[in-house]
Amino acid sequence: MTDKEKIISLLDELASPEKMGSFFMNNATPDFLFIRPSGNPISAKGFEEMMNSGDVVQEKAEITKIHRFEFLSDNIAMCIFTLGSKFRYKGTPNDDLPTVTSIFKKVGNVWKIHWMQRSTGASDLSLWV
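None of these values were measured; they are calculated from a predicted model.

(A) Looking closely at the environment of Tyr89. Among the structural elements, Tyr89 can be located in strand E4 (residues 76-89). Using a relative accessible area of 38% as the deciding quantity, one classes Tyr89 as partly exposed. A C-alpha to C-alpha distance of 14 Å links Tyr89 and Thr120, two positions 31 residues apart in sequence.

(B) Looking closely at the pairing of strand E3 (residues 56-71). Pairing of E3 with E4 involves 13 bridges; the strand directions are antiparallel. Considered in E4, the bridge of Ile66 is made with Phe81. Here E3 folds back onto E4, and the loop between the two strands holds four residues.

(C) Quick look at the packing of aromatic side chains. In the structure shown here, the tally under the stated rule is seven aromatic pairs. Between Phe34 and Phe47, the ring centres sit 5.4 Å apart and the planes meet at 85 degrees, which makes this aromatic pair edge-to-face. Highlighted residues: Phe34 in strand E1 (residues 28-35) and Phe47 in helix H3 (residues 44-51), separated in sequence by 13 residues. You'll find Phe34 and Phe47 in the same group, each marked buried. Ring centres of Phe69 and Phe71 lie 5.2 Å apart, and the angle between their planes is 75 degrees; on these two criteria the pair is classed as edge-to-face.

(D) Structural detail: the side chain of Thr82. Checked against the element boundaries, Thr82 lands in strand E4. A residue is classified by how much of its surface remains accessible, and Thr82, at 1% relative accessible area, is buried. Polar contacts involving the side chain of Thr82 include one to the side chain of His67, which spans 2.5 Å.

The rules we used
- Residues numbered from 1 in each chain as written.
- Predicted model: local features only at pLDDT ≥ 70, side-chain atom pairs only at ≥ 80, totals over all residues.
- Heavy atoms only, no water.
- Helix = DSSP H or I, 4+ residues; strand = E, 2+ residues; numbered from the N terminus.
- Buried < 20%, exposed > 50% of the residue type's maximum accessible area, 1.4 Å probe, protein only.
- Pairing = 2+ DSSP bridges.
- Phe/Tyr/Trp six-rings, centres within 6.5 Å; stacked < 30°, edge-to-face > 60°.
- Polar contact = N/O pair within 3.5 Å; in protein donor to acceptor, adjacent residues only side chain to side chain.

Quick look at the structure:
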């Protein structure tokens, strides 16, 4: 697999509802941060705890579009993608299409997610320009 294929494979694994909760614990750098739509950062451990708290029930997730993929160096890559996501938060249904900015770092010979920032997503595609 090429480096790009390895990173895309990581994103596909992230989009698996069964793996999403623990995904960052296994696939992120130790100093990983995920910036939520509220602007609040969360660590890999914090994300796992949030997803396993019972407040969030992930029903469906898929990478619907990759907008940009670029290697910034031999060991750093950036990917901006749309994540189709259906979930319930404290019983309230959410159907989102957020755009996510992600930065990957190659640690040894393994690609890890170093940074993610998720926008607030609207599922109404007529609002998209």
